[in-house]
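# Results of the structural survey
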Amino acid sequence: MATFELYRRSTIGMCLTETLDEMVQNGTLSPELAIQVLVQFDKSMTEALETQVKSKVSIKGHLHTYRFCDNVWTFILQDAVFKNEDNPENVGRVKIVACDSKLLSQ
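Residues numbered from 1 in each chain as written. Predicted model: local features only at pLDDT ≥ 70, side-chain atom pairs only at ≥ 80, totals over all residues. Heavy atoms only, no water.

## Overview of the confidence of the model for the protein
Note the threshold: Summary of the metric used: pLDDT quantifies the predictor's per-residue confidence within the range 0 to 100. Numbering of helices and strands runs from the N terminus; a helix is a DSSP stretch of H or I covering at least four residues, while a strand is a stretch of E covering at least two.
Of the residues in the protein, 92% have a pLDDT of 70 or more, and the chain-wide mean is 88. Considering each helix and strand of the protein separately, the mean pLDDT is smallest for strand β3 (residues 87–99), with a value of 90, and largest for helix α1 (residues 11–26), with 95.

Spelled out as structure tokens, the structure:
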């Protein structure tokens, strides 16, 4: 299964990366093992989002910027409203990164 490294830039991914870096610097973990952990994190996040997340969200906002590069769409919305089960949540600015799921199965 191919994976993207998108989730490494999430809060949990950044914390994992920082912790692994500390462990490598302290000599607790080898750099090779740290890389294997990150690769497994990518696979696990992709699988969990595919199989365990069932909720749907609608997003409305003003499109500030959009970009398509290397089969990855990036959208920046301003004054966005996320709606999940009739619970609207206003967000000032949001960045959405979307990849073609067909590329993951190649």
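## Considerations on the pattern of salt bridges
Spelled out, the test is: Only one rule defines a salt bridge in this text: a Lys or Arg side-chain nitrogen within 4 Å of an Asp or Glu carboxyl oxygen. Whether a residue is buried, partly exposed or exposed follows from its accessible area with a 1.4 Å probe, protein chains only, as a fraction of its type maximum: under 20%, in between, or over 50%, in that order.
Under the defined criterion, the tally for this structure stands at 1 salt bridge. As a salt-bridge pair, R8 and D42 come within 2.6 Å of each other at their nearest N and O atoms. Of the two residues, R8 sits in the segment before α1 while D42 sits in helix α2 (residues 31–51), which places them 34 residues apart along the sequence. Judged by its relative accessible area of 18%, R8 falls in the buried class. Classification of D42 by relative accessible area gives buried; the value is 2%.

## Remarks on α1
Applied cut-off: Expected helix span is taken as 1.5 Å per residue step, with the number of steps being one fewer than the number of residues.
With 16 residues, α1 extends 23 Å between its outermost C-alpha atoms, agreeing within 8% with the 22 Å of an ideal straight helix rising 1.5 Å per residue. Phi for G27, located one or two positions after α1, is positive at around 85 degrees.

## Here's the deal with a nonpolar patch on the surface
Keep this limit in mind: By definition, no residue in a patch forms a salt bridge, and every one has over 30% relative accessible area; like charges are joined within 9 Å, nonpolar side chains (Val, Leu, Ile, Met, Phe, Trp, Tyr) within 5 Å. Calculation of accessible area relied on Shrake-Rupley with a 1.4 Å probe; when residues are assessed, cover is drawn exclusively from the protein chains displayed.
On the surface, a nonpolar cluster with roughly 450 Å² of combined accessible area is contributed by L63, Y66, F68 and W73. Sort the elements by how many residues they give to the nonpolar patch and strand β1 (residues 58–69) lands first, with 3 residues. Within the secondary structure, W73 is located in strand β2 (residues 72–84).

## Focus on α2
In an α-helix, one turn spans 3.6 residues, which is why side chains three or four residues apart end up on the same side. Here is the rule we go by: Here the arc refers to the set of directions running from the helix axis out to each C-beta atom. Here, two residues are considered to be in contact whenever any of their heavy atoms come within 4.5 Å of each other.
Given a rise of 1.5 Å per residue, 21 residues ought to cover 30 Å, and the 30 Å separating the end C-alpha atoms of α2 matches this to within 8%. Residues of α2 that are buried include every one of A34, L38, F41, D42 and T46, and no others. Along the axis of α2, the buried positions cluster into a sector of 120 degrees, meaning they face one direction only. In α2, the exposed residues that point more than 90 degrees away from the buried face are E32 and Q36. At its buried positions, α2 is contacted by α1.

## Some thoughts on the packing of α1 against α2
Filter applied, for reference: Lines fitted to C-alpha atoms define the axes here, with helix axes fitted over just the stretch in contact, and angles between the N-to-C directions of these axes take values from 0 to 180 degrees. Angle categories: roughly parallel below 35 degrees, roughly antiparallel above 145, roughly perpendicular from 65 to 115, and oblique for all the rest. Throughout, a crossing is termed right-handed when the near helix is turned clockwise from the far one, and left-handed when it is turned anticlockwise from it by less than a right angle. Put simply, Ala, Val, Leu, Ile, Met, Phe, Trp, Tyr, Cys and Pro go in the nonpolar bin, Asp, Glu, Lys and Arg in the charged bin, and everything else, Gly too, in the polar bin.
Their axes nearest at 10 Å, the elements α1 and α2 cross at an angle of 170 degrees. The orientation of α1 with respect to α2, classified from their angle, is roughly antiparallel. Considering only the axes of α1 and α2, their crossing is right-handed. Contact residues: α1 offers I12, G13, L16, T17, L20 and V24, while α2 offers P31, A34, V37, L38 and F41. Along the lines of polarity and charge, the residues of the contact of α1 with α2 split into 9 nonpolar, 2 polar and no charged.

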